[in-house]
Structures are given as C-alpha cells and as structure tokens.
Amino acid sequence: MPTDHKQVLATRLATQFGRRRLLRGLGGGAALAATSATPTAAAAGGGHIRLAWIDFVDTLDPHFTGFLGAIKVHNNIYNGILKTVYDGTTVSFVPDLATSWDMPDDRTHIFRLHPDVRFHDGDPCDAEAVKWSMERVAYGKPKSPHAWKFDQLDRIEVLDPLTVKLSMKRPYAFLPVALTGATGRAGTIVSRKAVETYGRDFGRNPVGTGPFRFVSWRENDSIVLEKNPDYFEKGLPKLDRVTIRLMREASSAVAAMLSGQVDGMSNCPLQFVNQLKASPSLTVHGEIEGNYSLITMNCRRAPFDDVNLRRAVAFAIDREALIKQAFFGIGIPAYTPISPPMSGFYDKAIAESGRGQFFDLEKAKAFRAKAKVQDAVEPVFIVTEQGQYGTRVAQTVLPMLEKIGVKAKFELMERAAWVSRRNSGDFDMLETTWSADLDPDETIYPEWHSGENWNFAGWANAEFDRLIEQAQVVIDVKARRDLYVKAEDILMDEAPLAILTHMPEFKILSKKVKGFQFVPNDSLNLHTVHF
Amino acid sequence: MFRWGLRQVLQTAAVLLIVSAVSFSVLKLAPGDPVELMLGDEYSPEAHAALVAELGLDQPLPVQYAEWLWRFVQGDWGTSFISRTPIFQYAFVEALPVTLTLAIASLGLAILLGVPLGVLSAVRKDSAWDAGAAAFVLTGTAFPSFYLGILLIWFFGVSLGLFPTMGFVAPWNDLWGGLYHLAMPAITLSTPFMALILRTTRATLVEVMEQPYIAAARARGEPAWRVVWVHGMRNVLMPLVTLLGLQLGSLLHGAVLTETVFSLPGVGRMITDAVLNREYVVVQAGVMMTGCLIILTNLVVDLLYPLLDPRLRPR
C-alpha cells in the first residue's frame, strides 16, 4: 500500500509545533489585538520603515552567515524553497518559491517552481538557478558552514525548466527546516550571475528574489533596502523602503525607539523589556522560543570530572530566584533541553514529573556529600559582559553554589578571549545559551553527542549517543519522543550542564506599524508590513 | 627649510612605524581569535582551519606584519575579514570624515564658549560668575562623557523629543540637518574640553592682568576690551594652543564613547568593533589614521608657536 510520505512528514511537523498556542504569552495575541483595536488610519501601501538592529550582521550572503541578526535581514531579500508560516496556533513549512512539493517516496522531494520569478538583476529563477544555488551550499568552495544540512543529499536533478527533484540518501526529517529561507539557510536561493560577478563580495552585493532589493550598506551605520516592484507575490511588499540602523548599543536603540526615531527593534535585551511594554505607543512581540540557557561544566578536568559534584551544582540552583533576579522575571524554568515550542516532545507536566533538573537543596547536599573532594572547591567560572545576559547569571548563581561548598572564581573577560577559552576547554564553568532550534535533534545532537564541535563540556556517553543517533532516522513522533526521554534522562542525570531557563525572543514595533505577521523563529519579515 | 622638512617627515615615519608595530603585536598577543568570532555558532575545527589559511593568519607574526606593512605603504589597506569591504573605503572615506566633523564641531564649541567664559571669570575674578565657572569646570572635567551623553539623550531626546538621539547626517550634504544631529554628540564631547579651556584661559589671564605692561596699557587710557582682548589674550594663546595640541588624543578617545552612545559611524566605533572582533587590519588602519592626525596636529602647533611668540622666530 503506498504511503503518503509528505503527509507523514507534515503530520509530524504539525504535531511538533501544534501546541505552541498554549504557550503564547504576550506576542501574537497582543499583535492581533493591537491591529484589530486600532483601525488602519492610512491606506495600505508605501512608507519607509526605520528599524534599530542591535544584533550583529556579518554578511548578506545567506550561505555563509553564522548570525541570526543577519538571517533576519536575509529573509527580506531572499526566498527559500520553503518558508515558515504561523497562523497564530501552528507553525508549518509551506512552499515559498515552489508552487507544489511532492514526495513520491520517503527520500525524494519534487518541487514545482513558481513561473515568472526573477532575481533582482532580472535573471530568471528557474530550476537550473535553484539547483545551482543548492549545490553551492552542498559542494561549493569555500565550503559553506551550512553544508552539513545537505550531508544526506544524493543528487539534485532538473526535470524541466520549472521542476527540481532532490534525492536523499536516507529519510531526512530535518530537511523541511533546512530548506526554509529562515534559520535553515541551505534552501535560500541566491543569484548565480551575482555570485559569479561579485565573488567574495557577494555578501555586500546581495541579489535574491525577495520582496526587497539591496540598496546600500554603510559600515556601523545602516543597511538600506527598497521595494522590489517585480516581486512574485502580487500586492507585496507594501513598504517602499527599509532602513536598518546598525546600532549595537541597546540603550541607544531603546532611546531611539521611545523618542520615535525608529519604528522597530530587531531584538531587545531583557532589562529593557518591561520599560518598553509600559509604553502605550509600542507593541512588544515575544514568546518562548526553542532555546535554553545553561551552565556548562567541564567534564574533562577536576573538579567537574566528578559526576556527584556536577549533580550537586545542578540541584543547588534556584531557577525561580534566578529568573527573578537575573532575567527580570522573564522566562520559565527549564528541566531538560527540549523546549515548549517542540510540542511533540515537550512534556507540559514536566514540573510534576520529577524528571530533569530542578532546585532541591537537600538533594544537592546529598550529592555533595558523595563527591570525591569534600573540602571547598574553587572552580574557574569564565564570564563575559558581552554575553546575552551579561554577568547577571553568574552573579546570581554564585551565592547559591557557596551553600554547597563550591566557591566559583570569576574570571571576567571580553568576548573574544571568552570564546577562545571555551573552544580550547580552558575553564571549569561557563554560562551560555543555545537558541533558534526548531527540532530536538538540533537542540541535543551537536551540543551533547560525544566528539561534536559544540560539546564544550567534553562529555561522552555511549548509550546517550546511540539513542540520539537512532532518533534521527525515526519519523514516528511517539517512538522518537521515547528515545529523547531516555536520552535526556541520561544527560540530565550525568549533568555536564546545569540547565536554567527557556526564554522569549523579543521584537519591538511602534503601534503605527501594521500588518506584521509574527513567526516564532526569531525572524522579522516585512513582506506584509505597512503603515 | 628643506632639511627641516625632511627631518620632520623622517621623524613622522619612524614614529608611525613604531606605533604600527606596537599596536599590531599587542592586538595579536591579546587572547582571542578573529576566526572563532567570525564563525559564530557555525564553528567547527575544519571551518576554522580553512578560514585561517584563507586569511593568511597561519603565517608567523613578523611575516604577517611585514606583509601588512608592505601593502599598506603601497596604498593597499586590505579588506575587512568580516564585512569584506575595502578598508580604505570603510576607514578613510566613510569613518574618518564623521570623526573629524565631530571633533571639529566639539573643539569649535569648546573654544567659542570656553574662551569667552574664561575671560569673563578672569575679569570678574571672585564674583558669582567666577564661582559658577569654577563649579562648571569641576563638574565638566569630572563627569564621565558617556554618562553625560546618556543623560542628554534621555532628557532632550526621549523626554522632550527636541533632538535626534542617533545617527550622522553629513553637514556638507544638509547643513542644518547635519548640525541638528551633531548638537548633542558635540555638547557631550566638548564639555570636558570647554572646562579645560575655561580654566586655562582664566588662570593665565588672571596672571597676565597683573603684569606691568597691562597696567601701562591701562595708564595709556586704552579701552578695557582692548586691554583684555589684544594685550592680555596674546599671552593666553600660547598655553591654549599647547593645551589643544596635547588634548587631541583625549578628544579622539572621547569620540569612541560618544560615537557608541550616539550611534555615529566614526573611527572610534570602527576601532572598538574591530578590537572586539580582533580585526587586526582594520585596527591598524584606525591607529595609523589617528596617529597621523596627532602627529599632524603637533606639527601645526609647532608651526604656530613662532607666529604667536616673536621670541621663538628664527633670527
């Protein structure tokens, strides 16, 4: 009996994101309320939006970026084969440059492309162009940092001028995420002519098919985009011009936002959120996204080569107090890495389940009593002010750890030095965050599988590795969830990390800005935005 | 004259060479690796090795320095690792005019207000004016300029909505728009200098006014303004010019903070970002430009001395 593989995949993705609506805090709802409550004064169309961008933009070449701040810009210049949409309840992956997406079997994907799509330089975006762009990611030189997303790619064929066929070596459930123009990056389609013309300078001269064309980029000042009048989605975009002010200094951006010199902010540090929410002229979008903050403990050397000491640390941290003091009351305690948006896998009742890590001082003291070293230990805690939460987390955690005889020694350094120390394993503890993950695989595998690049704790467990490897090829949600439950139980019990919180990502817009469609993947898409 | 000029040029070149070598090695020896930062979350040892080789960072330090120097003197400033823009465009064409505009505006403001106020408090010594000026000098020099900038932003920008809080508009494209955007940054940056200028003007002038030739001028029946502005101020100019020459360095490092607070795309912000990202070549370009600027100012100050003081003219 033939299986509808696409349906299987679609079901899986839908369940994975379906429960987001239960967790929607302030964001989407507030936006809808705002738009319906305030009748649109001006006629739709036209206008110049000015946005304060406090995240770092490295390049406008989507195949070579490592920063979410850049991807937020890319989404407005390029299209993907697929895109992420959010109807207020469910996140799904639907064709963007494609008009249809078929899966004749579980490892073949056929995309029929929109006719008449042209790049900003006038070149047609046909099957050949799409094939070339995806092969640039898969096999290009220099190698794209996103090439691993096509590790399972067998070949790409052009069936006719508007049809592309992707053949994978094995079923690959992560592919839809990889093919979106957003955090996936691998399926973002760039102009071959422009890449060949500009070479390495393509990142400063981007040419895509998206709603906005690139105009200029002035270092430390601004990136300017203008309306693409030939955009293939009729009636879009509505804005004429977009100015992205590269600000970096968040307090200056907040001042500009409050005084009305900009119409939006790409992100917002927690310390300003409550102040901005109090302003009647602004809308604050933000809900818990796929992320977790954590303290990494270095398992390769003393004192944290001792599992009981790590367990003691994990249970000694009062997450509620931490959220109040270090996170300005924003966020929820995390028990395991899988976050609420991954609804097929997240256990709503995890707080009562007894699974994972949580604050229990008696338990912490019991583990501490079993530790190899009974005298006070003084691990080195490396901290950088340029991290997402500055030094607040470390400062709040410090007295909590002293209660179990762990006197962490702070070493405050700037980010470059911190990254070096982290990558070379020269630390005992550090505080960090993993973010923008839409799938448990992305959340767990590269961070905790033995020998992976991001496994800075140097932790290794063969049974854990086996479970998460198996979870990569299992499509059935329930079977996959069982594998992750077992894997997470091992991870949290062995505690190479003390997990802390799941957090929202914020976007601030002026109430004048209408038509913004919120998608909870840290994007700021301007396609439908108008004044 | 020719020999003097030649000596100046050689001296300048030697100073710049030392400055460039020191800044290059200090930054290289600081912990942190630009490639790790560039790769962001997509870090892997393979990607790291590939990028290091591509950027030539696997060469020994002296070789990297020599290569950079050779290209630099030929006018090739290199390309930024991260933004991939030619550094000449980024540093010289885009960033330098912003910082120069800010510096000139601040200096102009400091002189235009500092000198008359200094004269006023010297002439009305021990009056309420003088006490007020002394209080301003004290707060002006002690107040951190970035904090002053933030206060100005919140009061005049956010609460009153009178002035823009960010951004640069080139005055040569739009004079009023440019000055409007420049107002708060220039006030922020100029306040400590204004205080210094006021204090120097006052102190020197008070001393000068007690000189016999001033008494003689008064005895000749010259009008008061002439006694102060013509006879008195001549002797105030020397220490003032020296002060300005010496303070240019602190003006430039004040610009770093001011540019960050007001989001101005100038040299200060360029250098800070480049240091944080370990972009050696960009930092070098910034250091060379500011180095040249300081040397050039000192040269101008040296040339001004004989004009201001006849005793220093070659006989």
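Scroll up to find the structure this text is about.
Not measured: the values here are computed from a predicted model. (Residues numbered from 1 in each chain as written. Chains lettered and ligands numbered in written order. Predicted model: local features only at pLDDT ≥ 70, side-chain atom pairs only at ≥ 80, totals over all residues. Heavy atoms only, no water.)

K.L.:
Looking at this structure, how should I read the overall build of chain A?
P.N.:
Summing up its helical and strand segments, chain A has 18 helices and 19 strands in all. Here the contacts in chain A between residues at least 6 apart in sequence split such that 70% fall between residues at least 24 apart. Of the roughly 19400 Å² of accessible surface on chain A, 51% is carried by carbon and sulfur atoms. (Helix = DSSP H or I, 4+ residues; strand = E, 2+ residues; numbered from the N terminus. Contact = heavy atoms within 4.5 Å. Areas by Shrake-Rupley, 256 points an atom, 1.4 Å probe, with all protein chains shown as cover.)

K.L.:
Could you clarify how one ought to interpret unusual backbone geometry in this entry?
P.N.:
Trans is the common state for peptide bonds, and a negative phi is the common state for residues other than glycine. With omega at -10 degrees, the peptide bond leading from Leu236(A) into Pro237(A) counts as cis. As for its placement among the helices and strands, Pro237(A) is situated in the loop between β9 (222-227) and β10 (241-246). For the bond from Ala302(A) to Pro303(A), the omega torsion is 5 degrees, close enough to zero to count as cis. Although it is not a glycine, Asp116(A) sits at a positive phi angle of roughly 60 degrees. Its place among the elements puts Asp116(A) in the loop between β5 (108-113) and α5 (127-139). In this model, Arg278(B) sits at a positive phi of 55 degrees, which is unusual for a non-glycine residue.

K.L.:
Please clarify how the packing of helix α17 (residues 462-473) of chain A against helix α18 (residues 477-494) of chain A should be interpreted in this entry.
P.N.:
Residues and elements named next belong to chain A. It is the contact of α17 with α18, at a shortest axis distance of 9 Å, that shows an interaxial angle of 155 degrees. On the basis of the axis angle, α17 is roughly antiparallel to α18. Our pair here, α17 against α18, has a crossing hand that is left-handed. Packed against α17, whose contacting residues are Glu463, Phe464, Leu467, Ile468, Gln470 and Ala471, the element α18 presents Arg480, Leu483, Tyr484, Lys486, Ala487, Ile490 and Leu491 at the interface. (Axes fitted to C-alpha atoms, helices over the stretch in contact; angles between N-to-C directions. Parallel < 35°, antiparallel > 145°, perpendicular 65-115°, else oblique. Left-handed = near helix turned anticlockwise from the far one by under 90°.)

K.L.:
Just checking my understanding: could you explain the sheet that holds strand β7 (residues 163-168) of chain A for this structure?
P.N.:
Residue and element names in this part refer to chain A. The strand order across the open sheet built from four strands is β4-β5-β7-β6, with neighbouring strands paired in antiparallel fashion. Only two strands of the sheet have a single neighbouring strand rather than two, namely β4 (98-105) and β6 (153-160). The average angle at which neighbouring strand axes cross in this sheet is 20 degrees, direction not considered. Sheet topology places β6 next to β7; six bridges connect them, and they run antiparallel. By the bridge assignment for β7, leucine 153 is matched with methionine 168. With respect to the sheet, α5 is in contact with β5, β6 and β7, its orientation differing from that of β6 by roughly 170 degrees. (Pairing = 2+ DSSP bridges.)

K.L.:
I would appreciate a short explanation of the sheet that holds strand β14 (residues 332-333) of chain A in the present structure.
P.N.:
Across a sheet, paired strands are connected by hydrogen bonds in the backbone, their directions being either parallel or antiparallel. Residue and element names in this part refer to chain A. One open sheet accounts for six strands, arranged β14-β18-β13-β17-β15-β16; its pairing is mixed. Looking at which strands have only one partner, the edges of the open sheet turn out to be β14 and β16 (409-413). Pairing of strand β15 (residues 380-384) with strand β17 (residues 429-434) involves two bridges; the strand directions are parallel. By the bridge assignment for β17, isoleucine 382 is matched with leucine 430. Contacts from helix α11 (residues 319-326) reach β14 and β18 (497-502) within the one sheet, and its direction differs from that of β18 by about 60 degrees. The sheet strands contacting helix α16 (residues 440-448) are β13 (292-297), β17 and β18, and the helix crosses β13 at an angle near 15 degrees.

K.L.:
Please explain empty space enclosed by the protein as it appears in this structure.
P.N.:
Rolled over the atoms, a probe with the dimensions of a water molecule shows which regions are left empty. Scanning the model with the defined rule gives eight cavities of 30 Å³ or more in all. Approximately 240 Å³ is the volume attributed to the largest cavity. Taken together, 22 residues line the largest cavity, and the ones lying closest to its centre are Phe56(A), Glu219(A), Asn220(A), Arg248(A) and Asp273(B). Take the lining of the largest cavity: its biggest share by element is four residues, from helix α11 (residues 267-276) of chain B. (1 Å grid on protein atoms, 1.4 Å probe; cavity = no way out; pocket = protein on both sides within 12 Å on 5 of 7 lines; lining within 4 Å. Points joined across faces, edges and corners; volume = space filled by probe spheres on them.)

K.L.:
Honestly, the pairing of β7(A) in this entry has me stumped. Any pointers?
P.N.:
If a strand is regular, its side chains alternate between the two faces of the sheet. Most of β7(A) sits inside the fold, with five of its six residues counted as buried. The antiparallel hairpin formed by β6(A) and β7(A) contains two residues in its connecting segment. (Buried < 20%, exposed > 50% of the residue type's maximum accessible area, 1.4 Å probe, protein only.)

K.L.:
Explanation requested: the nonpolar core in the structure shown.
P.N.:
Looking at soluble globular proteins, one finds that nonpolar side chains tend to be buried together. All names here are of chain A. In terms of nonpolar packing, the biggest core is built from 70 residues, with Val57, Met134, Phe150, Leu166, Ile223 and Val242 touching the most fellow members. With seven residues, α5 is the single largest residue contributor to this core. Counting residues in each nonpolar core, the second largest holds 56 residues, with Cys268, Phe381, Met400 and Ala495 among its members. (Core = buried A, V, L, I, M, F, W, Y, C linked by side-chain atoms within 4.5 Å.)

K.L.:
Quick question: what am I supposed to make of the environment of Leu102(B) here?
P.N.:
Residue position: Leu102(B) is located in helix α5 (residues 87-123). When the C-alpha positions of Leu102(B) and Ser190(B) are compared, they lie 9.5 Å apart, and in sequence the two are 88 residues distant.

K.L.:
Looking at this model, I keep getting lost on a nonpolar patch on the surface. Mind explaining?
P.N.:
All names here are of chain B. A grouping of Phe143, Phe146, Tyr147, Leu151 and Leu257 is seen on the molecular surface, where their side chains present a nonpolar patch of about 430 Å² in accessible area. Looking at the nonpolar patch element by element, the count peaks at three residues for helix α7 (residues 145-159). Mapped onto the elements of the fold, phenylalanine 146 is located in helix α7. Here phenylalanine 146 falls in the partly exposed class, since its relative accessible area comes to 38%. (Patch = residues over 30% accessible without salt bridge, like charges linked within 9 Å, V, L, I, M, F, W, Y side chains within 5 Å. Salt bridge = Lys/Arg side-chain N within 4 Å of Asp/Glu carboxyl O.)

K.L.:
Just to check I follow, could you spell out the interface of chain A and chain B for this structure?
P.N.:
Contacts between the two partners involve 41 residues from chain A, matched on the other side by 41 residues from chain B. Note on chain A versus chain B: buried area summed over both sides is about 3600 Å², and carbon and sulfur give 50% of it. The largest contributions to the chain A side of the interface with chain B come from Arg200(A), Arg218(A) and Asn220(A), which together make up 17% of the buried area. The tally of links from chain A across to chain B stands at one salt bridge. (Buried area = accessible area lost by both parts, 1.4 Å probe.)

K.L.:
Any chance you could explain helix α8 (residues 250-258) of chain A here in plain terms?
P.N.:
For the α-helix, the turn length of 3.6 residues means that residues three or four positions removed from each other point alike. Taking burial as the measure, the nine residues of α8(A) include seven buried ones, the bulk of the element. One or two residues past the end of α8(A) sits Gly260(A), with phi positive at roughly 75 degrees.

K.L.:
How do you make sense of the packing of α16(A) against α17(A) when you look at a structure like this?
P.N.:
Axes are the key here: two packed helices are described by the angle between their axes and the distance separating the axes. Residue and element names in this part refer to chain A. Axis separation between α16 and α17 bottoms out at 11 Å; the angle between their running directions is 140 degrees. One finds that α16 runs oblique with respect to α17. Judged by the sense of rotation from one axis to the other, the crossing of α16 with α17 is left-handed. Across the interface between the two elements, Asp441, Ile444, Tyr445 and Trp448 of α16 pack against Phe464, Asp465, Ile468, Glu469 and Gln472 of α17.

K.L.:
Before we go on, may I ask you to explain the packing of aromatic side chains in this structure?
P.N.:
How two aromatic rings sit relative to each other is given by the distance of their centres and the angle of their planes. Residue and element names in this part refer to chain B. With the rule as written, the count across this model stands at 23 aromatic pairs over all chains. On the numbers, 6.0 Å between centres and 75 degrees between planes, the contact of tryptophan 77 with phenylalanine 92 is edge-to-face. Highlighted residues: tryptophan 77 in the loop between α4 (61-73) and α5 and phenylalanine 92 in helix α5, separated in sequence by 15 residues. Residue classification places tryptophan 77 among the buried residues on the basis of a relative accessible area of 13%. Ring pairing ties together the aromatic residues Phe24, Tyr65, Trp68, Phe72, Trp77, Phe88 and Phe92, which thus form one cluster. (Phe/Tyr/Trp six-rings, centres within 6.5 Å; stacked < 30°, edge-to-face > 60°.)

K.L.:
What exactly am I supposed to notice about the side chain of Thr204(B) here?
P.N.:
Residue and element names in this part refer to chain B. Among the secondary structure elements, threonine 204 is positioned in helix α8 (residues 175-208). Residue class for threonine 204 comes out buried when judged on its relative accessible area of 17%. Polar contacts involving the side chain of threonine 204 include one to the main-chain carbonyl oxygen of threonine 200, which spans 2.5 Å. (Polar contact = N/O pair within 3.5 Å; in protein donor to acceptor, adjacent residues only side chain to side chain.)

K.L.:
How should the pairing of strand β8 (residues 212-218) of chain A be read in this particular structure?
P.N.:
Residue and element names in this part refer to chain A. Where β8 and β9 come together, six bridges link them in antiparallel fashion. Bridge assignment links phenylalanine 214 to a residue of β9, and that residue is leucine 225. The hairpin formed by β8 and β9 contains three residues between the paired strands, and asparagine 220 there has a positive phi angle of roughly 60 degrees.

K.L.:
I'm lost on the environment of Lys407(A) in this one. Help?
P.N.:
All names here are of chain A. Structurally, lysine 407 is set in the loop between α14 (392-402) and β16. A residue is classified by how much of its surface remains accessible, and lysine 407, at 41% relative accessible area, is partly exposed. When the C-alpha atoms of lysine 407 and lysine 238 are compared, they prove to be 57 Å apart, with 169 residues separating the residues in sequence. Contact partners of lysine 407, with chain neighbours within four places excluded, come to Val377, Glu378, Pro379 and Glu402.

K.L.:
Would you mind going over the pattern of salt bridges with me for this structure?
P.N.:
For side chains of opposite charge, pairing can occur when their charged atoms come near one another. All names here are of chain A. Counting across every chain of the model gives 32 salt bridges over all chains. With a shortest N-O distance of 2.9 Å, arginine 192 and glutamate 196 are connected by a salt bridge. In this pair, arginine 192 and glutamate 196 are both assigned in helix α7 (residues 192-198), four residues apart and thus about one turn of the helix distant. In this structure arginine 192 comes out as partly exposed when scored by relative accessible area, which is 42%. Overall, the relative accessible area of 51% leaves glutamate 196 in the exposed class. For the salt bridge of aspartate 428 with arginine 301, the shortest nitrogen-to-oxygen distance reads 2.9 Å. One end of the pair, aspartate 428, is in the loop between α15 (415-424) and β17; the other, arginine 301, is in the loop between β13 and α10 (307-316), and 127 residues separate them in sequence. Linked through salt bridges whose partners overlap, the residues forming this network are Arg301, Glu411, Arg421, Asp426 and Asp428.

Just geometry here; none of it tells us what the structure is for.
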